[in-house]
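# Remarks on the overall topology
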Amino acid sequence: MKRIDMQKILPQSGAAFELKKGQILKVIDPEGEQVSDMVCFSADDKREWLSSGKTLDYCNTLLITKGHNLYSNRSRIMMKILEDTNGRNDFLLAPCSPETFTIIYKDKEYHPSCFENLHTNLSKWDIKPDDIPVAFNIFMNVQFQQNGEISVEPPLSKAGDFMLFEAEMDLIICLTACSAEQSNNYRFKPIEFEIHEK
Ligand SMILES: [Zn+2]
């Protein structure tokens, strides 16, 4: 693999970019215990996007990791997961948003959020706030009980853990360094990503 780009996403921010079919995206947690929300849109038609419902359905699991495909709302494979050194990710919960912090955390002040970082970075492709779907939450540790109860626990990722995704179509992608206290064990860290060609 040949690295053609690398970027650091500062704590509580995000970055959007294009990934061509056949290119490989590496998402790295450089310090450990940091979640990165990822959304993807087809570069050819932004009404096609990465779908939690389709992916969980076709993969027959709530725990998406190495060997799984990520599917669009049109049931096409958008990405293949080639590697996942941590192995715990979430595809159930929506990106943290300003309302997350007022409803769950009772915050009264402005709070950065993945939702804001996703739609502001994607606005140059004319992707609007209402277009943001449930994100694939890389390194997010959501635990579920037999009775259906869920809880957000500290990420299990260690410094240097990473995932590799191969694009199966031309994509517009946005990644964040998540802004929610509970999801990141109450410390905001950066996320790094690289683009590779085979
Ligand atoms: Zn978040």
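A short tour of the structure in this document, coming up. Values in this document were obtained by computation on a predicted structure and should not be read as measured data.

Bringing the coordination of the zinc ion into the picture now. Those protein atoms acting as donors to the zinc ion are Cys96 (SG), Cys114 (SG) and Cys178 (SG), and they sit at 2.2 to 2.3 Å. We note that the donor set of the zinc ion lies within a single chain, spaced as C-x17-C-x63-C. With Cys96 in the loop between strand 6 (77-84) and helix 2 (98-103) and Cys114 in helix 3 (residues 114-122), this residue pair connects regions lying 18 residues apart in the sequence. Taking the relative accessible area as the measure of exposure, Cys96 reaches 7% and is therefore buried. With relative accessibility at 0%, the residue Cys114 sits in the buried group.

Another aspect to go through is the pairing of strand 4 (residues 36-42). Across the seven residues of strand 4, seven count as buried, placing the element largely inside the fold. Burial of strand 4 is two-sided: the residues Ser36, Met38, Cys40 and Ser42 facing one way and the residues Asp37, Val39 and Phe41 facing the other way are all buried. Relative to strand 7 (residues 136-138), strand 4 runs antiparallel, the two sharing three bridges. Residue pairing across strands places Ser36 opposite Ile138, the latter belonging to strand 7. Of the strand pairs in this sheet, strand 4 and strand 11 (residues 171-176) are connected by five bridges, and their pairing is antiparallel. Across the sheet, Cys40 pairs through a bridge with Ile173, a residue of strand 11.

The next thing to look at is the pattern of salt bridges. Across all of its chains, the model carries nine salt bridges by this definition. One salt bridge connects Asp45 with Arg47, and the closest N-O pair in it is separated by 3.2 Å. Using a relative accessible area of 61% as the deciding quantity, one classes Arg47 as exposed. A salt bridge links Arg76 to Glu48, with the nearest nitrogen and oxygen atoms 2.8 Å apart. Residue Arg76 is located in the loop between strand 5 (69-71) and strand 6, and its partner Glu48 is located in the loop between strand 4 and helix 1 (52-59); the two are separated by 28 residues in the primary sequence. One salt-bridge network, held together by shared partners, links Asp45, Arg47 and Arg74.

About the cut-offs
Residues numbered from 1 in each chain as written. Predicted model: local features only at pLDDT ≥ 70, side-chain atom pairs only at ≥ 80, totals over all residues. Heavy atoms only, no water. Donors = N, O, S within 2.8 Å, 3.2 Å for Na, K, Ca; no water. Helix = DSSP H or I, 4+ residues; strand = E, 2+ residues; numbered from the N terminus. Buried < 20%, exposed > 50% of the residue type's maximum accessible area, 1.4 Å probe, protein only. Pairing = 2+ DSSP bridges. Salt bridge = Lys/Arg side-chain N within 4 Å of Asp/Glu carboxyl O.

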